[in-house]
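Observations on the model geometry
Residue-level listing of the chains:
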Amino acid sequence: MDTKAFKRSLHQSDKYFRKGFGHDEAVAGQMQTEYNSGLIQQIRDSNYGLTRGEVTIRLAKAFGFCWGVERAVAMAYETRQHFPTERIWITNEIIHNPGVNERLREMNVHFIQVVDGVKDFSGVESGDVVILPAFGASVQEMQFLNDRGCTIVDTTCPWVSKVWNTVEKHKKKAHTSIIHGKYKHEETVATSSFAQTYLVVLNLAEAQYVADYMLHGGDRDEFLAKFKNAYSEGFDPDVDLERIGVANQTTMLKGETEAIGKLFERTLLQKYGPQALNDHFLAFNTICDATQERQDAMFELVDETVDLMLVIGGYNSSNTTHLQEIAIERGIPSYHIDGPDRIGPGNRIEHKPLDGDLTVTENWLPAGPITVGVTSGASTPDRAVEAAIERIFELKAVPAAIA
Ligand code: SF4
């Protein structure tokens, strides 16, 4: 499919919207009421710290809702206002936050169900309104919805669209897109749908394996088995790694994305020499500012003395998981929760260790004075962070509940 031509024609359609509908003032008030927090503002105004009794909270200097998420949620709210009687669908979670998605369900927005790993669009009819979430949708989904005669409200974050444009450039020059991301993540699924030939690498170790293959060759079958499901149909590592461009899922660890870019640049420089480098490697700059700021703020926070870290965000939120990784690397006990209800009753917390299943830890708040570092992913409203902090204050205010 000529994805560029399709996108161009979609953008000209009168059933396609990628801006709001002029209800921004009403929606801003609604979002302020539902998601903002007086306590969090107070902590921000006190140099990101607050002490009550034995508990000192240190907040990361950048956390929570990013610009792209706020924009997507506001557009979804506006869509409901603008189409009060139409049936409205969303192709996926609007953002990775259970509370926000629940709020949309209450507003009678339907979520496309996934049956046996496949999205079931059978209920979507001509004339329905379909919202595409902040991390986008595959070009095939967009084409399907357009062909079905749906009105499409596209809330894809412009940072994600920027990555798609990068991948289009790779395609134009017949370069393979190497995408640093999680091949199952919706954003990477969408990004890879714009590529002609692609390979998704999860981390630096996988990128190193690919770089070694580029330089020295290797076992083709082993390569294809290792990256099963993470490459385009017909991908051949012996042919398709000669000319590459790098792109990324916008919420990966910034330092790792940069290291992967440099690794491939070095590798191709070594293989083809400086004169031919530009024919084999396309540089990139698609790291999202919000991800970068939140990770930088987390590095700053873990440099302070904190006894433990609370990381709040959806369990399938990539940017939240990376924040937790930073705490783990520094050896700080960290608890990733998807909402305040995971704390309590009593001194217990239900949380998700990195790459593990949900688990309950008793007596997670130690006795005596403590400093708790707090951050949250780009999909988490301040209101959820406030509620989690209030629970910590409550727990420490009741000595009998503390071990
Ligand atoms: S994290 Fe970045 S790319 Fe993702 S929605 Fe927010 S601003 Fe956009």
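Calculation criteria
Residues numbered from 1 in each chain as written. Predicted model: local features only at pLDDT ≥ 70, side-chain atom pairs only at ≥ 80, totals over all residues. Helix = DSSP H or I, 4+ residues; strand = E, 2+ residues; numbered from the N terminus. Rg over C-alpha atoms; globule rule 2.2 N^0.38 Å. Buried ≥ 20, exposed ≤ 12 C-beta atoms within 10 Å, placed from the backbone. Axes fitted to C-alpha atoms, helices over the stretch in contact; angles between N-to-C directions. Parallel < 35°, antiparallel > 145°, perpendicular 65-115°, else oblique. Contact = placed C-beta atoms within 7 Å. Near = placed C-beta within 6 Å. Nonpolar A, V, L, I, M, F, W, Y, C, P; charged D, E, K, R; others polar. Pairing = 2+ DSSP bridges. Expected span 1.5 Å × (residues − 1). Arc of directions from axis to C-beta. Domains from an automatic or database assignment. Core = buried A, V, L, I, M, F, W, Y, C linked by C-beta atoms within 7 Å.

Our next topic: the overall build of the protein chain. Helix and strand counts for the protein chain stand at 14 helices and 18 strands. For the protein chain, whose C-alpha radius of gyration is 23 Å, the value lies close to the compact-globule estimate of 22 Å for 403 residues. Its C-alpha atoms give the protein chain principal-axis dimensions of roughly 65 × 55 × 40 Å. When the 403 residues of the protein chain are sorted by exposure, 43% land in the buried category.

Let us look at the packing of helix α9 (residues 204-216) against helix α11 (residues 254-280). Taken N-terminus to C-terminus, the directions of α9 and α11 make an angle of 5°; their axes are 10 Å apart at the nearest point. The angle between α9 and α11 places the two elements in the roughly parallel class. Where α9 approaches α11, its residues L204, A207, Q208, A211, M214 and L215 are matched on the opposing element by E256, A259, I260, L263, F264, T267, Q270 and K271.

Around the ligand sit 15 residues, and of these C66, G68, C157, W159 and C288 come closest. Secondary structure elements with two or more residues in the shell around the ligand: α4 (67-82), α7 (158-172) and α12 (289-303). Here the residues of the shell around the ligand sort into ten nonpolar, five polar and no charged.

Spatial ordering of the open sheet is given by β2-β3-β18-β14-β15, a layout of five strands whose pairing is mixed. Every other strand in the sheet has two partners, leaving β2 (49-52) and β15 (334-337) as the edge strands with one partner each. Strand-to-strand twist in this sheet, taken as the mean axis angle between neighbours without regard to direction, amounts to 20°. Pairing of β2 with strand β3 (residues 55-59) involves four bridges; the strand directions are antiparallel. Following the sheet pairing, G49 is matched in β3 by R58.

Taken in spatial order, the four strands make up an open sheet running β11-β10-β12-β13, and their pairing is parallel. Since the sheet does not close on itself, it has two edges, and those belong to β11 (198-201) and β13 (281-282), each with one partner. With four bridges connecting them, strand β10 (residues 176-180) and β11 associate as parallel partners. By the bridge assignment, H180 is partnered in β11 with V201.

Right, let's talk about the environment of T155 for a bit. Among the secondary structure elements, T155 is positioned in the loop between β9 (151-154) and α7. Linking T155 and A137, residues 18 residues apart in sequence, is a C-alpha distance of 9.8 Å. Not counting residues within four places of it along the chain, the set of residues in contact with T155 comprises R71, A72, M75, A76, I131, L132, P133 and A134.

Mapped onto the elements of the fold, R103 is located in helix α5 (residues 98-106). Since 19 C-beta atoms lie within 10 Å of it, R103 is described here as partly exposed. Sequence separation between R103 and D303 is 200 residues; the distance between their C-alpha atoms is 36 Å.

Over its 16 residues, helix α14 (residues 382-397) extends 22 Å from the first C-alpha to the last, a length consistent with the 22 Å expected when each residue adds 1.5 Å. Of the residues making up α14, those classed as buried are D382, A384, V385, A388, I389, I392, L395 and K396. Here the buried residues of α14 occupy an arc of 165° about the axis, which is enough to place them on one side.

Next up on the list: unusual backbone geometry. In this model, G344 is joined to P345 through a cis peptide bond whose omega is 0°. Mapped onto the secondary structure, P345 falls in the loop between β15 and β16 (348-351). Positive phi outside glycine occurs at Y48, with the angle close to 65°. With respect to the helices and strands, Y48 occurs in the loop between α3 (38-45) and β2. Assessed through the 20 C-beta atoms surrounding it within 10 Å, Y48 is described here as buried. Residues other than glycine seldom take positive phi values, yet D116 does so here, at roughly 50°.

Okay, the pairing of β3 next. Hairpin connection, β2 to β3: the antiparallel pair is bridged by two residues, and G53 has positive phi, about 55°. Examined bridge by bridge, β3 and strand β18 (residues 370-376) share five bridges and lie parallel to one another. The residue of β18 that forms the bridge with I57 is V372.

How big an interface is tends to be stated in terms of the accessible area lost upon association of its parts. The domains assigned to the protein chain are domain 1 (29-65 + 289-401), domain 2 (67-157) and domain 3 (173-282). Contact residues are listed per partner, giving 16 residues for domain 1 and 14 residues for domain 2. Here the element with the most residues in the side of domain 1 that touches domain 2 is helix α2 (residues 24-35); it accounts for three residues. Grouping the constituent residues of the side of domain 1 that touches domain 2 by class yields six nonpolar, eight polar and two charged.

With 63 residues, the main nonpolar core has A72, A76 and I94 as its most contacted residues. When residues no more than four places from it in sequence are discounted, the contact partners of A72 are I94, I95, P133, A134, T155 and C157. The next biggest cluster of nonpolar side chains, apart from the first, holds 32 residues, and it includes I43, L301, I312 and I389.

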